[in-house]
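Summary of structural features
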Amino acid sequence: MSLLEIRPHHTQRVQRLSLVLPRDVADEICDLPTCSKARLLGELSEEVLEQIEQYPSLMLSATTTQWLKSLTLSQTCQVLENLALMLINEVSQ
């Protein structure tokens, strides 16, 4: 069994990251432990915030805040993924 058969998701993730990063950098990021990936996500998010000049204060309703706090880790990651896709579309316009 080849390494590609063992880690098909890893290969797909590296390919996706390789669209914007050199392959060796994409490999290194994909090989990070989960907590390091989360930290990197936070650091990159901070950089996005700094680059968007007219970023308003975050004003969420109490209901939305409660829902966000009640999400599981997996659900939170899904929200992050969707927010990232929204931002990609917005900054690309």
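Just so it is clear, the model here is predicted, and its values are computed rather than measured.

It is worth spelling out the overall build of the chain at this point. Check the secondary structure of the chain and you find six helices and zero strands. Reading the chain from its N end, one meets helices and strands in the order α-α-α-α-α-α. The C-alpha radius of gyration of the chain comes to 16 Å, more than 25% above the 12 Å expected for a compact globule of 93 residues. Dimensions of the chain, computed from C-alpha atoms along their principal axes, come out at roughly 50 × 30 × 20 Å. Going through the 93 residues of the chain one by one, you find that 5% of them count as buried. Counting only carbon and sulfur atoms, one obtains 59% of the accessible surface of the chain, whose full area is about 8,300 Å². Averaged over its 7 positive side-chain charges, the chain has a centre that lies 9 Å from the centre of its 12 negative ones.

This part is about the confidence of the model for the chain. Residues shown with low pLDDT carry predicted positions that ought not to be read at fine detail. Confidence in the prediction of the chain, expressed as mean pLDDT, is 85, and 90% of residues score 70 or more. The element-level mean pLDDT for the chain is lowest in helix α1 (residues 3-6), coming to 47, with helix α5 (residues 62-70) highest at 94. Counting interchain partners and residues more than four positions distant, the pLDDT-below-50 stretch residues 1-6 has two contacts.

Cut-offs applied
- Residues numbered from 1 in each chain as written.
- Predicted model: local features only at pLDDT ≥ 70, side-chain atom pairs only at ≥ 80, totals over all residues.
- Heavy atoms only, no water.
- Helix = DSSP H or I, 4+ residues; strand = E, 2+ residues; numbered from the N terminus.
- Rg over C-alpha atoms; globule rule 2.2 N^0.38 Å.
- Buried < 20%, exposed > 50% of the residue type's maximum accessible area, 1.4 Å probe, protein only.
- Areas by Shrake-Rupley, 256 points an atom, 1.4 Å probe, with all protein chains shown as cover.
- Lys, Arg positive; Asp, Glu negative; His and termini not counted.
- Charge placed at Lys NZ, Arg CZ, Asp CG, Glu CD.
- pLDDT = per-residue confidence, 0-100.
- Contact = heavy atoms within 4.5 Å.

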